[in-house]
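Take a look at the letters that make up each chain.
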Amino acid sequence: MLPLLQRLPRVQPRLSSLVAVITAGILADLAGVPLGWMLGPAFVGLLLAALNNPIGSDGPLGNWGRGLLGASVGGMLQSQHLLILLNTPELLLVTGGYVLSAGFLGWLWLTRICGWQSQSGWYAALPGGLSEMVELTRQAEGRAYEVALAHTLRIFLLLSLAAVAVAFVHDGPWAGFALPPLALSNALMLFVVVWVGLVFGNRIRLPAHSVMGPLLISALFSFLLDWHLSVNEHLVIVAQLAIGWSLAHRFQGSSFPQIRSGLWQITGMLLCLIPLWGLAAWAVVMLTEHSLAVMLLAFAPGGQAEMALIALLLGASPAVVVTLHVLRVVLILSFASRWYPGKNR
């Protein structure tokens, strides 16, 4: 069966890939899959890559999808979201302890059980920052392609796991947060903010620049001009499709054996991390007034933009979710090399 499927015509960028992405999104949404517009294309990308028939490049669309989410979250930011770190310094300790213990446990799993190279296992295990971890792996002379595949698979698996986890603890329906209508003037301003934010974030090399650049520019509008930008239901679908296409394309170049072994290895690692994930989320619930659903998304080990999208659809404080994801990425970038458990070996 597999050799027969591998003889199918290759999916070429961009029109045929766009058709495949939209079709997968429609079918997943009709099937009632949570985040179907994003998970559908990602799953098809995984399947086609395993069949040596990968989805073509999304170009800048993935960054624009993440930028739309970033600008929307930035428009929701208020001073209380920034004060959460100042008023609750214990958050820094919980987040740092979570990053260190999750990274070490994941590193043990990948290196001791799965036979990974030490440097690659460390940067693949740290919970967040795909592009940053790939670059740090290159600097450490590790296997960057393994780290890239591991983080992509983790985001894919986390989307499914987080959606199920939040469904158990969230009181309302999945689409329980009504997105406001979007006037034409606000839509035009939103696209300008996303464009400026993407350029700005890339120029100053912000972590997760496609989210953080538009978020910061939108937050300036929010604080200085009291102009709160947001997305509507249709733009959320566009953002899901764009991010799903981006995830689908990241599987390009991965063989069926690599994806098969990667899936069980990363699934095993996530199963090891679930107790730490839940413990960290519960600890912060005890320290703050936020719900367990919010903290589960905030401490999900990866997928900043994807977890922000779930929070946005649920009305589960997406600004708080992004704030804690950013804090984690900053800690990882600041101390990843120092914390590396194999550096003295």
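These notes cover the structure that comes with them. (Residues numbered from 1 in each chain as written. Predicted model: local features only at pLDDT ≥ 70, side-chain atom pairs only at ≥ 80, totals over all residues. Heavy atoms only, no water.)

Concerning the overall build of the protein
What counts is decided by this rule: Labels follow the DSSP assignment, with helices taken as runs of H or I lasting at least four residues and strands as runs of E lasting at least two, numbered in each case from the N terminus. Exposed residues in this analysis have more than 50% of their type's maximum accessible area, buried residues have under 20%, and partly exposed residues fall in between, with area computed by a 1.4 Å probe over protein chains only. Exposure was quantified through the Shrake-Rupley algorithm and a 1.4 Å probe, taking into account, for residues, occlusion by the shown protein chains and nothing else.
The helix and strand inventory of the protein stands at 16 helices and 0 strands. A buried classification covers 53% of the 345 residues belonging to the protein. Element-wise, carbon and sulfur atoms account for 66% of the exposed surface of the protein, whose accessible area totals about 15500 Å².

Topic: helix H12 (residues 233-250)
Put simply, the rule is: Between the first and last residue of a helix there are one fewer steps than residues, each counted as 1.5 Å, and that sum is the expected span.
Look at H12: 26 Å from first C-alpha to last across 18 residues, which is about the 26 Å you get at 1.5 Å a residue. The buried count for H12 comes to 13 of 18 residues, which makes it a mostly enclosed element.

What about the pattern of salt bridges?
Put simply, the test is: Each salt bridge in this description consists of a side-chain nitrogen of Lys or Arg and a carboxyl oxygen of Asp or Glu lying within 4 Å of one another.
Applying the stated criterion across every chain yields a total of 1 salt bridge. Put simply, Glu146 and Arg143 hold a salt bridge, and the shortest N to O gap is 3.8 Å.

Description of the side chain of His325
Threshold: Whether two residues are in contact is decided by their heavy atoms: any pair within 4.5 Å suffices.
Secondary-structure assignment places His325 in helix H16 (residues 318-339). Owing to a relative accessible area of 2%, His325 belongs among the buried residues under this scheme. In contact with His325, not counting residues within four places along its chain, are Leu297, Ala298, Ala300, Gly302, Gly303, Gln304 and Met307.

Topic: the nonpolar core
Formally: The criterion is simple. A nonpolar core is a set of buried Ala, Val, Leu, Ile, Met, Phe, Trp, Tyr and Cys residues joined through side-chain atoms within 4.5 Å.
Leu110, Met295 and Phe299 are the most contacted members of the largest nonpolar core, which has 85 residues in total. Filtering out sequence-adjacent residues up to four positions away, Met295 remains in contact with Ala281, Val284, Val285, His290, Val320 and Leu324. Among the nonpolar cores identified, the runner-up in size contains 9 residues, and Met212, Ala219, Ala308 and Val322 belong to it.

Examining a nonpolar patch on the surface
In plain terms, the rule: The residues that make up patches have over 30% relative accessible area and no salt bridge, and they are joined within 9 Å when like-charged or within 5 Å when they are Val, Leu, Ile, Met, Phe, Trp or Tyr.
On the surface, Leu15, Leu18, Val19, Ile22, Ile26, Leu27 and Leu30 cluster together to form a nonpolar patch covering roughly 670 Å² of accessible area. Overall, the relative accessible area of 64% leaves Leu15 in the exposed class.

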